[in-house]
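Structural features, examined
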Amino acid sequence: MAIIKLTINGVERTIEAEPDMPLLWALRDLLSMTGTKYGCGIGECGACTVLVDGDPMQSCLLPVSEAVGKAIVTIEGLSTEIGRALQQAWIDEDVSQCGYCQPGQLLSATALLTRKPRPTDSDIDEAMNSNLCRCGTYPRIRLAIKRVSRGIAQ
Ligand code: FES
Ligand code: FES
């Protein structure tokens, strides 16, 4: 076990964990931050996506030791202008069905629009293709991203 300090949603958190513990388990089991979801545990579904220094990463594959010194953002702390606009667009477009994949979807969409405010359809497909949705909300996710993109472009 090691004492590990993580910066999550702008707050320093200290945990005691094995250095190779996946960040997902640290978030959910040690810090009770259950907004980040466990889907497959093998990097295939994107349900566990968080932002690490602005990039979407699958927290089921990221050892906590590799997250030290980096800015981690989870769905609980998604409060940038783009992140808030996307959450509103998700409501306006009625995106969610069961909702299980949506925290990861929102974080990937935030990374996309932060990097590229006017994405093409293929940009959206490429940026979102690591986030699976068993409910098939892909068309509404695209509409919501475009809704925010239009707002940014005005
Ligand atoms: S739970 Fe991490 S990619 Fe599926
Ligand atoms: S909304 Fe159900 S898995 Fe995506």
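Residues numbered from 1 in each chain as written. Chains lettered and ligands numbered in written order. Predicted model: local features only at pLDDT ≥ 70, side-chain atom pairs only at ≥ 80, totals over all residues.

When helices and strands are counted, the protein shows 6 helices and 5 strands. Here the C-alpha coordinates of the protein stretch approximately 50 × 30 × 25 Å along the principal axes. Buried positions account for 41% of the 154 residues belonging to the protein. Taking the contacts inside the protein whose residues are at least 6 apart along the sequence as the reference set, 62% of them involve residues at least 24 apart. (Helix = DSSP H or I, 4+ residues; strand = E, 2+ residues; numbered from the N terminus. Buried ≥ 20, exposed ≤ 12 C-beta atoms within 10 Å, placed from the backbone. Contact = placed C-beta atoms within 7 Å.)

The subject of this paragraph is helix α1 (residues 23–30). For α1, the complete set of buried residues consists of L23, L24, A26 and L27. Elements in contact with the buried residues of α1: β2 (11–17), β3 (49–52) and α2 (64–67). Positive phi appears at S32, one or two residues downstream of α1, with a value of about 55°.

On to the pairing of β2. By the bridge criterion, 7 bridges tie strand β1 (residues 2–8) to β2 in an arrangement that is antiparallel. Residue pairing for β2: I4 is matched across the bridge by I15. Between β1 and β2, which pair antiparallel in sequence order, lie 2 residues; one of them, N9, sits at a positive phi of approximately 55°. (Pairing = 2+ DSSP bridges.)

Further remarks concern the environment of I3. Summarising the element assignment, I3 is placed in strand β1. For the pair I3 and S59, spaced 56 residues apart in the sequence, the C-alpha separation amounts to 19 Å. Apart from the residues within four sequence positions on either side, I3 is in contact with T14 and E16.

Here we take up the domain arrangement of the protein. For the protein, the domain assignment lists domain 1 (2–77) and domain 2 (81–153). On a C-alpha basis, the centroid separation for the pair domain 1 and domain 2 is 21 Å. With 14 residues of domain 1 at the interface, the matching set in domain 2 holds 13 residues. Broken down by element, the residue count for the side of domain 1 that touches domain 2 peaks at 3 residues, all from β3. When the residues that make up the side of domain 1 that touches domain 2 are grouped by side-chain class, the tally is 7 nonpolar, 5 polar and 2 charged. (Domains from an automatic or database assignment. Nonpolar A, V, L, I, M, F, W, Y, C, P; charged D, E, K, R; others polar.)

Spatial strand order, β2-β1-β5-β3-β4: 5 strands in an open sheet with mixed pairing. Of all the strands in the sheet, just β2 and β4 (55–58) have a single pairing partner and so form its edges. Recorded for the sheet is a direction-independent mean angle of 45° between the axes of neighbouring strands. By the bridge criterion, 2 bridges tie β3 to strand β5 (residues 71–73) in an arrangement that is antiparallel. Its bridge partner lying in β5, L51 is registered against V73. (Axes fitted to C-alpha atoms, helices over the stretch in contact; angles between N-to-C directions.)

Before going further, it helps to examine unusual backbone geometry. Of note in the backbone geometry, S32 takes a positive phi value of approximately 55° without being a glycine. Take S32: it is sitting in the loop between α1 and β3. With phi around 55°, D94 is a residue other than glycine that occupies positive phi space.

What follows deals with the pairing of β1. A regular strand places its side chains on the two faces of the sheet in alternate fashion. Of the strand pairs in this sheet, β1 and β5 are connected by 2 bridges, and their pairing is parallel. Bridging from a neighbouring strand, T7 pairs with A71 of β5.

All right, on to the nonpolar core then. Counting residues in hydrophobic clusters, the biggest one holds 41 residues, and the most contacted among them are L23 and A144. Sorting elements by how many residues they give to this core places helix α4 (residues 102–115) first, with 6 residues. When residues of this core are assigned to domains, at least three map to each of domain 1 (2–77) and domain 2 (81–153). (Core = buried A, V, L, I, M, F, W, Y, C linked by C-beta atoms within 7 Å.)

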